[in-house]
Amino acid sequence: MPRVVRSEPIIPRRLSAAERSELADGLLAVYGEIFEGATREYVVKGLIEPNSYFTTILLHRGAEGQIVGYFAIHFFERRFRGVATTVVRSSVGMLRAYRGRNANIAWALGVLLKQRLAHPGRPFYGMGSMVHPSSYLQVARYVDVFWPRPGEAVPADMHDFIVELADEFGMPRIDPDQPLVRAGSMPTRETDAERDYWRRSDKPAARFFVAMNPSYSRGNGLVTLFPITVSMLVGIASRILRERAGLLFAGAAALA
């Protein structure tokens with residue numbers, strides 16, 4: 001089985017023009033395998049050179065040194081409720097054969113915690129256009145407070161802030177009655193069986209996502225926002241450690 005042999009964090013703005021060009025080629029090769037319609041222009045503007053005050057990317061490499069996956073995190077400064085606010089966006093991609101064999105979450109938590117501690121009085125929010133039920137489920141699994149979510153209306157000012165951000169980041173509207181669902185041009189590659197699985201899922205978060213965004217298979221996303229606090233990051237880390245400990249215990253018990 002192929003495996004990730006090395007993971008390295010980089011800060012694109014510290015690279016030379018030639019190094020950024022090489023990085024764009026490597027990321028496009030991965031992005032194009034995951035999303036239909038991937039372009040080099042999107043990779044450059046969306047992953048390597050976004051208009052952010054800080055961007056970092058964790059690159060995963062295979063046995064021959066080729067990029068097989070990435071996790072990009074971008075930090076933008078905006079204003080919400082009258083104060084300077086940081087909006088965090090991320091993009092994740094991993095070739096199918098290498099999935100489940102990396103430390104994305106641990107690295108991302110470290111990056112977020114460092115930035116969070118560097119700006120102690122500033123509100124932080126994570127934002128993402130969830131284009132697949134599995135992505136939305138990850139938010140529901142690890143984050144207690146997020147919008148939109150099943151069984152609870154989005155606060156009016158938070159709803160307006162999410163819509164404002166989606167407009168500002170160039171996410172086209174589809175339906176005026178569903179301003180949190182935005183058009184996409186790069187759907188996730190998925191089989192009919194996989195789509196059917198999500199349509200029949202018994203998970204409340206998955207059912208909510210599909211009901212809100214039934215056209216996700218065309219690349220359309222449900223814009224989601226959640227507060228990022230130190231206690232929330234510590235809570236996620238603790239939950240991951242408990243889950244891993246449980247898996248280790250179950251494996252030891254099975255072996256015994």
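Residues numbered from 1 in each chain as written. Predicted model: local features only at pLDDT ≥ 70, side-chain atom pairs only at ≥ 80, totals over all residues. Heavy atoms only, no water.

### As for the overall build of the protein
Cut-off, in case you're wondering: Here a helix means four or more residues in a row that DSSP labels H or I, a strand means two or more in a row labelled E, and each is numbered from the N terminus. Radius of gyration means the value over C-alpha atoms here, while the globule rule gives 2.2 Å times the residue count to the 0.38 power. Only protein chains enter the calculation, and the probe is 1.4 Å; a residue is then buried if its accessible area is under 20% of its type maximum, exposed if over 50%, and partly exposed in between. Residue exposure ignores everything except the shown protein chains as possible cover, and the areas themselves are Shrake-Rupley values with a 1.4 Å probe. Charged residues are defined narrowly, with Lys and Arg counted positive, Asp and Glu counted negative, and His plus the chain ends left uncounted. In this description, the location of a charge corresponds to atom NZ of lysine, CZ of arginine, CG of aspartate or CD of glutamate.
The secondary structure content of the protein amounts to 8 helices and 7 strands. Computed over its C-alpha atoms, the radius of gyration of the protein comes to 19 Å, within 12% of the 18 Å expected for a compact globule of 256 residues. Taking the principal axes of its C-alpha atoms as reference, the protein extends roughly 50 × 50 × 40 Å. Burial analysis of the protein (256 residues in total) assigns 45% to the buried set. Per element, the accessible surface of the protein, about 13,400 Å² overall, is 56% carbon and sulfur. The centroid of the 32 positive side-chain charges in the protein is displaced by 5 Å from the centroid of its 25 negative side-chain charges.

### Overview of the sheet that holds strand β3 (residues 67–80)
Our working definition: Only strands joined by at least two bridges in the DSSP assignment are considered to pair. Note on contacts: a residue pair qualifies if any of its non-hydrogen atoms lie within 4.5 Å across the two residues. To obtain an axis, a line is fitted to C-alpha atoms, over the contacting stretch when the element is a helix, and the angle between two such axes runs from 0 to 180 degrees between their N-to-C directions.
Strand order in the open sheet made by the 7 strands is β1-β2-β3-β4-β5-β7-β6, with mixed pairing throughout. Every other strand in the sheet has two partners, leaving β1 (6–10) and β6 (181–182) as the edge strands with one partner each. Docked against the sheet, helix α4 (residues 133–142) engages β5 (124–130) and β7 (221–227), running at close to 15° with respect to β7.

### Quick notes on the environment of T191
Along the chain, the position of T191 falls in the loop between β6 and α6 (192–199). Separated by 19 residues in the primary sequence, T191 and P172 place their C-alpha atoms 26 Å from one another.

### Examining the pairing of β7
Counting buried positions over the 7 residues of β7 gives 6, a clear majority of the element. As defined by bridge partners, β5 adjoins β7 across 6 bridges and the pair is classed as antiparallel. Paired with G126 across the strands is F226, a residue of β7. In terms of strand pairing, β6 meets β7 through 2 bridges, oriented antiparallel. In the strand pairing of β7, R182 is matched with G221.

### Focus on the packing of α4 against helix α7 (residues 204–212)
Filter applied, for reference: For classification purposes, angles smaller than 35 degrees are called roughly parallel, those larger than 145 roughly antiparallel, those between 65 and 115 roughly perpendicular, and all remaining angles oblique. Left-handed describes a crossing whose near helix is turned anticlockwise from the far helix through less than a right angle; right-handed describes the clockwise counterpart. Lys, Arg, Asp and Glu make up the charged group, whereas Ala, Val, Leu, Ile, Met, Phe, Trp, Tyr, Cys and Pro make up the nonpolar group; the residues left over, Gly among them, are polar.
Their axes nearest at 9 Å, the elements α4 and α7 cross at an angle of 130°. Taken together, the axes of α4 and α7 are oblique relative to one another. Like other packed secondary-structure pairs, α4 and α7 cross with a definite hand, here right-handed. Seen from α4, the contacting residues are P133, Y136, L137 and A140; seen from α7, they are A205, A206, F208, F209 and V210. Along the lines of polarity and charge, the residues of the contact of α4 with α7 split into 9 nonpolar, no polar and no charged.

### Section: the layout of surface pockets
Using the following cut-off: Here a cavity denotes a set of grid points, spaced 1 Å apart and computed over the protein atoms alone, in which a 1.4 Å probe fits but from which it cannot get out, and a pocket denotes an open set meeting protein on both sides within 12 Å along at least five of seven lines; residues with an atom within 4 Å of a point are reported as lining. Grid points are joined across faces, edges and corners, and a volume is the space filled by probe spheres set on the points.
Of the voids in this model, the second largest pocket is the one considered here, and its volume is about 160 Å³. Forming the boundary of the second largest pocket are I10, L15, E19, E22, L23, G26, L59, R61, G65, Q66 and I67. Elements with a contribution of two residues or more to the lining of the second largest pocket: α1 (17–34) and β2 (54–61). Ranked by the residues each element gives to the lining of the second largest pocket, the list is headed by α1, at 4 residues.

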